[in-house]
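Coordinates in review
Chain by chain, the residues run as shown.
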Amino acid sequence: MGKPSVWSSNRFWRRSATWVTGVSAVLLILLTFDSMSQMQMGTEQDIKNKVDKRIPSPVVINYKIDYQLNRKRGHEVPIIGGMDANGNSKYEEKEKFFGRDDYSEKEARELIHLGKLTIQAKNCMDCHTLLGNGAYYAPDLTKAWLDPNWNTLAPAYGGKEYAIAAFLQNPPAMAMHERKMPNLGITKKEAKAVVAYLKFMSAIDTNGFPRNFGKIKGAVDAWK
């Protein structure tokens, strides 16, 4: 009889399983640490130093936010404060947000936090999605700040943020969809905070999520 094949050896398969399990565990640990670092929120100093962070500092609400195709990555990415010749954020061009462009990190963080609490208290996720979480009855809100529909309403309200805030306080009066949003009793203060939260969300690099958002006519130049 010939020499037994290695493929029929229990010892070979036990060793292989041990090596595969060990390598997989190491890779999982490395990926976990990488994910944790990617999810850390940036600081105001990062923006001043023009350091890209997947989750920027809350003071990003002081800046103009756009959404452009990054050809190297193959999908759109947030562009904060203008775009340089290489398609990266310049962190220079500011934009008035409810009349100001000088919110401190503390002020911006508190405003965004109130917006988050309001969204939770009003059970917005029962109809909407954020970062893919929630229900699919109403539009995804991950990049709602960048929806070009608000630009058409902005002149009548003195700015996009005022138009969104007005809608949140009385949705039936500004219905833009067959599935009309009910009046949730959102106050003026809460509306401002929710708009801040939505603007902050639009600045998060979500690897092109939600897909096809950039294909909305007028949203970005890349798909025209």
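Structure: see above.
All values reported here derive from a predicted model rather than from experimental measurement. (Residues numbered from 1 in each chain as written. Predicted model: local features only at pLDDT ≥ 70, side-chain atom pairs only at ≥ 80, totals over all residues. Heavy atoms only, no water.)

Considering the packing of aromatic side chains
What the rule picks out here adds up to six aromatic pairs. Where Phe 97 meets Tyr 103, the ring centres are 6.1 Å apart and the plane angle is 70 degrees; that geometry is what we call edge-to-face. Tyr 103 gets classed as buried once you look at its relative accessible area, which sits at 4%. Ring pairs connect the aromatic residues Phe 97, Phe 98, Tyr 103, Trp 145 and Tyr 162, which therefore count as one cluster. The cationic tip of Lys 160 hangs over the ring face of Trp 145; the distance from NZ or CZ to the ring centre is 4.2 Å. (Phe/Tyr/Trp six-rings, centres within 6.5 Å; stacked < 30°, edge-to-face > 60°. Buried < 20%, exposed > 50% of the residue type's maximum accessible area, 1.4 Å probe, protein only. Lys NZ or Arg CZ within 6 Å of the ring centre and 35° of its normal.)

Brief notes about the packing of helix H3 (residues 105-121) against helix H6 (residues 188-202)
How two helices sit against one another is set out by the angle between their axes and by the gap between those axes. Orientation of H3 relative to H6, taken along the N-to-C sense of each, is 105 degrees, at an axis distance of 7 Å. Comparing their axes, H6 and H3 come out roughly perpendicular. Contacts from Leu 111, Ile 112, Leu 114, Gly 115, Lys 116, Thr 118 and Ile 119 of H3 reach H6 at Lys 189, Glu 190, Lys 192, Ala 193, Val 194, Ala 196, Tyr 197 and Phe 200. The class makeup of the residues in the contact of H3 with H6 is nine nonpolar, two polar and four charged. (Axes fitted to C-alpha atoms, helices over the stretch in contact; angles between N-to-C directions. Helix = DSSP H or I, 4+ residues; strand = E, 2+ residues; numbered from the N terminus. Parallel < 35°, antiparallel > 145°, perpendicular 65-115°, else oblique. Contact = heavy atoms within 4.5 Å. Nonpolar A, V, L, I, M, F, W, Y, C, P; charged D, E, K, R; others polar.)

Things to note about helix H5 (residues 160-169)
Across the ten residues that make up H5, a large majority, seven, are buried. Taken residue by residue, H5 has Lys 160, Glu 161, Ala 163, Ile 164, Ala 165, Phe 167 and Leu 168 as its buried positions. Those residues of H5 hidden inside the fold are in contact with helix H4 (149-157) and H6.

Details of the packing of H5 against H6
Across the interface, H5 lies against H6 with an axial gap of 9 Å and an inter-helix angle of 125 degrees. Taken together, the axes of H5 and H6 are oblique relative to one another. Of the two elements, H5 crosses H6, and the hand of that crossing is right-handed. Across the interface between the two elements, Glu 161, Ile 164, Ala 165, Leu 168 and Gln 169 from H5 touch Lys 188, Ala 191, Val 194 and Val 195 from H6. Split into classes, the residues belonging to the contact of H5 with H6 amount to six nonpolar, one polar and two charged. (Left-handed = near helix turned anticlockwise from the far one by under 90°.)

Quick look at the pairing of strand S2 (residues 75-80)
Burial of S2 is extensive: six of the six residues sit out of reach of the surface. In this sheet, S2 lies alongside strand S1 (residues 65-70) in antiparallel orientation, the contact comprising six bridges. Directly across from Leu 69, in S2, lies its bridge partner Glu 76. (Pairing = 2+ DSSP bridges.)

Digging into H6
Compared with an ideal rise of 1.5 Å per residue, which puts 15 residues at 21 Å, H6 spans 21 Å between its outermost C-alpha atoms and is within 8% of the ideal. Those residues of H6 lying buried are Ala 191, Ala 193, Val 194, Val 195, Ala 196, Tyr 197, Leu 198, Lys 199, Phe 200, Met 201 and Ser 202. Packed against the buried residues of H6 are S1, S2, H3, strand S3 (129-130) and H5. (Expected span 1.5 Å × (residues − 1).)

Quick look at the environment of Ser 24
Here Ser 24 is to be found in helix H1 (residues 10-38). Polar side-chain contacts of Ser 24 include one of 2.8 Å to the backbone oxygen of Val 20. (Polar contact = N/O pair within 3.5 Å; in protein donor to acceptor, adjacent residues only side chain to side chain.)

With respect to the pattern of salt bridges
As enumerated under the stated definition, the model contains nine salt bridges in all. Measuring nitrogen to oxygen at the nearest pair gives 2.7 Å for the salt bridge that ties Arg 73 to Asp 205. Highlighted residues: Arg 73 in the loop between S1 and S2 and Asp 205 in the segment after H6, separated in sequence by 132 residues. Look at Arg 73 and you get partly exposed, because its relative accessible area is 35%. A relative accessible area of 14% means that Asp 205 is categorised as buried. Here Asp 102 ties to Arg 100 by a salt bridge, and the two come within 2.9 Å at their closest N and O atoms. Assessed through its relative accessible area of 28%, Arg 100 is described here as partly exposed. (Salt bridge = Lys/Arg side-chain N within 4 Å of Asp/Glu carboxyl O.)

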